Amino acid sequence: MTDRMEHIAWIGTGVMGAQQAGHLVKKGYSVKAYSRSGDKLAAQSRQHGFTACETIAQAVEDADCVFVMVGYPADVEQVFCSPGGILEKARPGALVVDMTTSFPSLAKALYEKGREKGLRVLDAPVSGGDAGARKGTLSIMV
């Protein structure tokens, strides 16, 4: 891996996630995105310039960094732990950043599971809402 994150995966392209992924594209990053709401993903991809993926595995397969921005703790657990999820499909050495507001106990468990797989997992919820996501002014608490 280089000092620069060359390939980024974005999991969750809702109101905030699509905007955040779009900002990364504008800064020159290659972003592959996955959303459980696949029907909206194609339009978001055209609007924001990221590559739409049909599965988590496609999004994370070559990612240096994986960002997660989904709705609830149960959603976080699903995208990390389900068959074909992040823990199974992300490449060793990848940095995985969960930006969902979640439970500290879940963050600790995902950190441990990630460490076992060779992943670097961070809990990094954000503050600033959809307006902050649009403007690129979110506060990130790691």
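The model shown is predicted, which means the values in this text are computed figures rather than measured ones.

Parameters at a glance
- Residues numbered from 1 in each chain as written.
- Predicted model: local features only at pLDDT ≥ 70, side-chain atom pairs only at ≥ 80, totals over all residues.
- Heavy atoms only, no water.
- Phe/Tyr/Trp six-rings, centres within 6.5 Å; stacked < 30°, edge-to-face > 60°.
- Helix = DSSP H or I, 4+ residues; strand = E, 2+ residues; numbered from the N terminus.
- Buried < 20%, exposed > 50% of the residue type's maximum accessible area, 1.4 Å probe, protein only.
- Arc of directions from axis to C-beta.
- Pairing = 2+ DSSP bridges.
- Contact = heavy atoms within 4.5 Å.
- Axes fitted to C-alpha atoms, helices over the stretch in contact; angles between N-to-C directions.
- Core = buried A, V, L, I, M, F, W, Y, C linked by side-chain atoms within 4.5 Å.

Examining the packing of aromatic side chains
- Overall, the coordinates contain one aromatic pair when judged by the stated rule.
- Here the aromatic rings of Trp10 and Phe67 are separated by 4.9 Å at their centres, their planes lie at 25°, and the arrangement is stacked. Here Trp10, found in strand β1 (residues 7-11), pairs with Phe67, found in strand β4 (residues 65-68); they are 57 residues apart in sequence, far enough to count as distant. Across the pair, Phe67 and Trp10 agree in class, each one buried.

Focus: helix α4 (residues 73-81)
- Turning to α4, its buried residues number three or more, namely Pro73, Asp75, Val76, Val79 and Phe80. Across the axial projection of α4, the buried residues extend over an arc of 155°, all falling on one side.

Some words on the sheet that holds strand β5 (residues 95-98)
- As summarised here, the arrangement of the six strands in space is β3-β2-β1-β4-β5-β6, forming an open sheet in which the pairing is parallel. Looking at strand neighbours, the two that pair on one side only are β3 (51-52) and β6 (120-123), the edges of this open sheet.
- Where β4 lies against β5, four bridges are found, and the strand directions are parallel. Its bridge partner lying in β5, Phe67 is registered against Val97.
- Contacting β1, β4, β5 and β6, α4 runs over the sheet at an angle of about 160° to β5.

Some words on the nonpolar core
- Counting residues in each nonpolar core, the largest one holds 23 residues, and the members touching the most others are Ile11, Val60, Val66, Val68, Val79, Phe80 and Ile86.
- Sorting the residues of this core by element identifies β1, α3 (56-60), β4, α4, α5 (86-89) and α6 (104-116) as the ones contributing at least two each.
- With residues up to four places along the chain from it excluded, the contact list for Ile86 reads Ile11, Ile56, Val60, Val66, Val68, Val79, Phe80, Val96 and Leu119.
- Counting 19 residues, the second-largest nonpolar core is a separate cluster that includes Ala21, Leu41, Phe67 and Leu138.

Take it as geometry only, folks, not as evidence of what the structure does.
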